[in-house]
Amino acid sequence: MIRKSYFLLLLLQAGLAQEWQIHTPPEVTVQEGSCARIPCRYSYPSHLANQPRTGIWFSNKDWKTSSTAFHSKDHSRELGRFYLRTQLSGNLKYGDCSLIINRITQEDAGPYYFRVEFDNVNSYSYYPATQLHVSDFTDKPTIAPVEIIAGKRVSLSCIFNTTCNGTAPALTWDAPTAVRGSVSNTVIQHGVTLTYTSALSLTPSLTHQGQTLTCRVSYPTVSSEQTLVLTVQYSPRNLSITSLDVIKDSSINIIEGNSAVIICSVESFPASKLTWRHLNAIMNRTSSNNELWLEIPHITYREIGDYKCVAENEHGAVEGLITINVEYAPRNLSISSLAVIKDSSINIIEGNSTVIICSVESVPASNLMWRHLNATMNRTSSNNELWLEIPHVMFKETGEYQCVAENDHGVVESSITINVEYAPRNLSISSLAVIKDSSINIIEGNSAVIICSVESFPASNLMWRHLNATMNRTSSNNELWLEIPHIMFKETGEYQCVAENEHGALESSITINVEYSPRNLLISSLAVIKDSLINIFEGDSAEIICTVESFPASDLTWKHLNATMNRTSSNNELWLEIPHVTFRETGEYQCVAVNEYGALESSITITVEYAPRNLSITSLAVIQDSSINIIEGNSAVITCSVASFPASNLMWRYLNATMNRTSSNNELWLEIPHITSGETGEYQCVAENEHGAVEGSITITVEYPPRNLTITSFAVIEDSSINIIEGNSPVIMCSVESFPASKLTWRHLNVTMNRTSSNNEVWLEIPHITSKETGDYRCVAENEHGSMESSIIITVQYPPRETKASISGASGGIREGHNVTLTCSSESVPPISHYTWFRIEGNTSTRLNTSSRILSFTPVTRGDDAGFYCTATNPLGNSSSNTTHLNVEYGPEISWESECTRRSEGITCICVANSNPPGDLTWHLLRANISGNQTHGGFVSQQLRAGYQVMGFLILTGHQDEDEVMGSCSVQNPHGAATFKVHLWVKGRDSNKWTLGLVITGIVFSIFLAGILILLNVDKRKTAIQQTASKTSDIALTYSQLSVKHQGSQNMVVTDPQNTTRDITREEDTPAPQDVFEGPVGKEMLDTGTPEELKTSSTPTLISQSCPAVTALNTGARTQNTQRSDSSQSEKPGEGSV
């Protein structure tokens, strides 16, 4: 048995261990002053998942006693040294119980374990504990390595990692003032590791080289730092080239055969690769020390040139240049020319420019000079080249030219010969006759001799030419004669002598003039001449030319109508130009030629043609402003005439249609018989011939009386009527056809609205039209030939207005039971489309289900006592009437609330009546009538009014010694009266007297029944005229037990604790016998008719009825009426139980 229990205990412990579990490391080591995090994940039975819990960490300093390091619910329970230093890094609800301890000290070292408490039963302490070790603070931040380049923005990152999310470490930078930058801090979490990074962004320069930057990590009590020495990398700079020889202007001079040494040095980090280059070839290179030497032993002139040193590292490159000049004596002197050199000689054509170039090799540059005929031509001391240019070389410059080159190291010279060749020149022509202006005159029939001579080398070929034909030639002596025997006038002309060799040609001429009399006179023109006649278009220019053959030249004269037009005495030609010729210059023109050897003449006729002009239009009617007026029905005649040659084609046109035409006489008539207004318009006359066209026009205006009067509007016109909404501005236009223009007048109600006398149109605008302007508008058109008129109707539309609700059938007031009609009336155009009725009760408006103009009440009842208004609607809007109140009047009615009750202070009777208008209430006693608030003997009367209700109170106080007290309450208004009667019996009589009272009561009751039957017959006749019924109750009161019973309800005690009940009787039933000793109480309601009948009524009818308790007076007249109406439907007066 013990073994089984032990086994069950083991199973229970195993089950609990599976549900209560924790995952924590066995030990955690942290550094003093920093933040410690003990990772912790725990589990618990699943049924506690949604239960509130408290997490507690305990520190077992000596493994015997525990102190609270953290309490999630009450921090006051925490040990003082842990207060405000411990927290949880996660959420207990999600199984995270990791503990954070800030500002770790050596005292915090020791074991820690976690406990969770759900309630007094479900709590658990988790073991084993975690051992916390505290070491010195040795962690340092890390500055991430980065390449620092001068001038390039760089970001230096200081990084510190921790697994504790408690107090955050602070990262700061210490930098010299020369190092300026901006700092940004970030925190990134990767799993449980928090990485704090501080980035210092700066732009390094060479001044930062060797400067130190320190990044410091700080906790509240400890800190550590990391220092970085700045090593700034930069591209090569300050490259310099030096030499053992003197450097001037980046150049050194070395005498040929000596050795040259040049050194290249540069500043850079890291060290640059240095290279010497010459003629794009690498001479040598190095990659260290930032310096490179180049030595050239036994230098020759071929090694002259630029030497370039290139320094390059990964950040950039720079280069420098030096020029090595090798000095030597002049050599290789040569002479060249743009011309061909043959046997050290060149041939230059005279007049050309020649250039000869002397070049030499030497350093330093030689002094060069050109010499000719022992005279220095030009010289230079640079470039080892000298050009000699002889512009426009002359044959005199033929000869030898020497070039001499000399420098500090020697001299050399050479020569060239220039031969100048030239073309023929100085050609001259002579004659045995006198030459004047390169011309000789020979009389026809004589002989002529002319001689040509020239200078040239070599000798020229000479020839005479006339009219492009060679006369003779020679190839020697530079001279040639020409003889012309018996010369004729045909041999007049220019004779050319041409001299030519291989270098050029030259010519000259002489004119031989053969003198003779005029002959071959000719007249010509730019126009076509036919039969000595030319036709010229007027306006053009006419040109006629007279030419003649003669020598000396003839005097030429143009004559017209025996008048000299112009003349000339040279050129044997005379032009006559007539600019802008007119038809007046038509006629014959003669040309006359005269010289000393004779005279000659000829003639030509000029005919001037011209386009139509001076077109005129005339009429038998008066023309004014190119217009004639013709009365409709008359005939119109218009005539068109024009001047032209040849004669024009004439035609009359109207509306682009040809009326008639003619092709002769330059005149055309147009006759329009019986003209109509449709023929009003412009008539064009067109004249045309081959030289042009012209036209003119005349307007025929046909006068006629007004016709076709029309009225238009922007609104739609239908049946000569337009509809305009009130407030708009209608515009109506009246237009008419007439000439002259009609006087147009708008008239309305025989009043002139506006008028006009031009344009045959008049507009009438009525701004903001009102309904009063509805009506007929007439337009009248009138001129001297007649008049006419037309009209249009303007209907002004407007929404409903002046809406009223009127009552009919209510003369002298509204009486319940009468027929009453409410009629809604309103003005509108177009008519009202539908009506809407509303009933108002209090603040509630109810729409009635009718669209009729008339609202009928047949008959009207007091339930119709309310406010009514109507809304009239047409397509343009709606309008509502004022509210009309139906004040329904009716006669007094005694309310079921009327009753008598006995109280300790006496008997109180209440009389309540409804009527409209409210009635006058009066208490009728044996000795007096009481109304209002009065006191009479032992009776006190009080009265209240509320709306349509009046309530009277009658209180009987003191000792009553009469045998019987009888009273009544009457209420009357103009529509009738109602009575409430009361019978009182006196207390204290013996049984014999009560028996006698009972007998008397029976007799009275019998008489009362007979009276009732008689009254009922009388009432039936009265009800044919008057429908209102009033009821009267007769109440008997005693000082005995009294109870009240409503029909269908439980008994209610009013005064005494002892009660007796009475049978229920109706108005038509015989009342049951009553025990007079029980003290009967009853009330009677009588239809008394008019007040006069009330006064004569004497014998009451005893009716047993319920006597309910007095209720509070209702305050709303309509509510009281409604309650009365409801009670009258459910319970008739006189019904109940006592």
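Residues numbered from 1 in each chain as written. Predicted model: local features only at pLDDT ≥ 70, side-chain atom pairs only at ≥ 80, totals over all residues. Heavy atoms only, no water.

**Re the overall build of the chain**
Check the secondary structure of the chain and you find 4 helices and 82 strands. When each of the 1138 residues of the chain is scored for burial, the buried share is 41%. Considering only contacts within the chain whose residues lie at least 6 apart along the sequence, 65% involve residues at least 24 apart. (Helix = DSSP H or I, 4+ residues; strand = E, 2+ residues; numbered from the N terminus. Buried < 20%, exposed > 50% of the residue type's maximum accessible area, 1.4 Å probe, protein only. Contact = heavy atoms within 4.5 Å.)

**Structural notes on the pairing of strand S76 (residues 949-956)**
Counting buried positions along S76 gives 7 out of 8 residues, so the element sits mostly inside the fold. Where strand S71 (residues 906-916) meets S76, 8 bridges bridge the pair, whose relative direction is antiparallel. Among the inter-strand pairings, Val912 is bridged to a residue of S76, identified as Met951. Across 8 bridges, strand S75 (residues 939-946) lies against S76 in antiparallel orientation. Note that in S76 the partner of Arg945 across the bridge is Val950. (Pairing = 2+ DSSP bridges.)

**Details of the environment of Ile722**
Within the secondary structure, Ile722 sits in strand S54 (residues 721-725). When the C-alpha positions of Ile722 and Ile792 are compared, they lie 7.6 Å apart, and in sequence the two are 70 residues distant. Not counting the four nearest positions on each side in its chain, Ile722 is found in contact with Ser713, Ala715, Val716, Ile717, Ile732, Ile792, Ile793, Ile794 and Thr795.

**Let's talk about the state of the cysteines**
This model, assessed by the stated rule, comprises 12 disulfides. There is a disulfide in this structure between Cys40 and Cys97, and the S-S distance comes to 1.7 Å. Taking the torsion about the sulfur-sulfur bond, which here is approximately -70°, the covalent link between Cys40 and Cys97 counts as left-handed. Placement of Cys40 in the loop between strand S3 (36-38) and strand S4 (41-43) and of Cys97 in the loop between strand S7 (86-88) and strand S8 (99-101) is noted, with a sequence separation of 57 residues between them. The class of Cys40 is buried, set by a relative accessible area of 2%. Among the residues examined, Cys97 registers a relative accessible area of 0% and is labelled buried. For Cys546, the disulfide goes to Cys591, at an S-S distance of 1.8 Å. On the sign convention where negative is left-handed, the bridge of Cys546 and Cys591, at about -85° about the S-S bond, is left-handed. One end of the pair, Cys546, is in strand S41 (residues 542-551); the other, Cys591, is in strand S45 (residues 587-595), and 45 residues separate them in sequence. Comparing Cys546 with Cys591 shows no difference in burial state: the two are buried. (Disulfide = S-S within 2.5 Å.)

**Here's the deal with the sheet that holds strand S5 (residues 54-59)**
Paired through their backbone hydrogen bonds, the strands of a sheet run either parallel or antiparallel. One open sheet holds the 5 strands; their spatial order is S2-S10-S9-S5-S6, and the pairing between them is mixed. Looking at the sheet topology across the chains shown, the edges are occupied by strand S2 (27-31) and strand S6 (67-71). If you compare each strand with its neighbour and ignore which way they point, the axes differ by 30° on average. Note that S5 and strand S9 (residues 110-117) share 6 bridges and pair antiparallel. Bridging across to S9, Ser59 finds its partner in Tyr112. (Axes fitted to C-alpha atoms, helices over the stretch in contact; angles between N-to-C directions.)

**Quick notes on the nonpolar core**
Tyr42, Trp57, Tyr112, Phe114, Tyr126 and Leu132 are the most contacted members of the largest nonpolar core, which has 27 residues in total. When residues of this core are traced back to their parent elements, those giving at least two are S2, S3, S6, S8, S9 and strand S10 (123-135). For Phe114, the contacting residues outside a window of four places in its chain are Ile22, Tyr42, Gly55, Ile56, Trp57, Leu92, Cys97, Tyr124, Ser125 and Tyr126. (Core = buried A, V, L, I, M, F, W, Y, C linked by side-chain atoms within 4.5 Å.)

**Description of the sheet that holds S3**
Pairing is antiparallel in the open sheet, where 3 strands are placed in the order S3-S8-S7. With partners counted over all chains shown, the strands left at the sheet margins are S3 and S7, one partner each. Put simply, the sheet's adjacent strands are angled 20° from each other on average, direction ignored. When S7 meets S8, the two strands line up antiparallel, connected through 3 bridges.

**Section: the pattern of salt bridges**
Close approach of charged atoms allows side chains of opposite charge to pair. Evaluation of the coordinates by the stated rule reveals 17 salt bridges. For Asp74, the salt bridge goes to Arg77, with nearest N and O atoms at 3.7 Å. Relative accessible area serves as the criterion here: at 29%, Asp74 is assigned to the partly exposed category. With a shortest N-O distance of 3.2 Å, Arg331 and Glu256 are connected by a salt bridge. With Arg331 in strand S25 (residues 316-337) and Glu256 in the loop between strand S19 (251-255) and strand S20 (260-269), this pair connects stretches of sequence that are 75 residues apart. Of the residues examined, Arg331 reaches a relative accessible area of 27% and is grouped as partly exposed. Taken together, the shared-partner salt bridges connect Arg81, Arg85, Glu107 and Asp108 into one network. (Salt bridge = Lys/Arg side-chain N within 4 Å of Asp/Glu carboxyl O.)

**Structural notes on the pairing of strand S65 (residues 854-857)**
Going residue by residue along S65, you find Leu855 and Phe857 tucked away on one face and Ile854 and Ser856 left uncovered on the opposite face. As paired strands, strand S62 (residues 820-829) and S65 are joined by 4 bridges and run antiparallel to one another. Paired with Thr821 across the two strands is Ser856, which belongs to S65.

**Remarks on the confidence of the model for the chain**
In this model, the chain carries an average pLDDT of 82, and 84% of its residues clear a pLDDT of 70 or more. When the criterion is pLDDT under 50, residues 1-16 qualifies, and its contacts beyond four places in sequence or with other chains add up to 0 contacts. Taken together, the stretch residues 986-1008 has pLDDT below 50 and engages in 27 contacts with residues farther than four places along the chain or on a different chain. (pLDDT = per-residue confidence, 0-100.)

**Some points on the packing of aromatic side chains**
Applying the stated criterion across every chain yields a total of 24 aromatic pairs. Pairing Phe82 with Tyr112 gives two aromatic rings, centres 6.3 Å apart and planes at 85°, and the pair type is edge-to-face. Of this pair, Phe82 sits in the loop between S6 and S7 while Tyr112 sits in strand S9; the two residues are 30 residues apart in sequence, bridging distant segments of the chain. For Phe82, a relative accessible area of 0% corresponds to the buried category. Between Phe838 and Tyr869, the ring centres sit 4.9 Å apart and the planes meet at 15°, which makes this aromatic pair stacked. Of this pair, Phe838 sits in strand S63 (residues 834-841) while Tyr869 sits in strand S66 (residues 867-874), placing them 31 residues apart in sequence. Each member of the pair, Phe838 as well as Tyr869, is classed as buried. Each residue in the set Trp20, Tyr42, Tyr44, Trp57, Phe114, Phe118, Tyr124 and Tyr126 is aromatic and connected to the rest through ring pairs, giving one cluster. The ring of Tyr798 has Arg801 lying over it, and the distance from NZ or CZ to the ring centre is 3.9 Å. Cation over ring: Arg862 sits above Tyr890, and NZ or CZ is 3.7 Å from the ring centre. (Phe/Tyr/Trp six-rings, centres within 6.5 Å; stacked < 30°, edge-to-face > 60°. Lys NZ or Arg CZ within 6 Å of the ring centre and 35° of its normal.)

**Section: unusual backbone geometry**
With an omega of -5°, the peptide bond running from Phe645 to Pro646 counts as cis. As for its position among the elements, Pro646 is in the loop between strand S48 (636-645) and strand S49 (649-654). Along the chain, Val829 connects to Pro830 via a cis peptide bond; the corresponding omega equals 0°. Phi at Asp437 is positive, roughly 55°, even though this residue is not glycine. Mapped onto the fold, Asp437 is located in the loop between strand S32 (410-431) and strand S33 (439-443).

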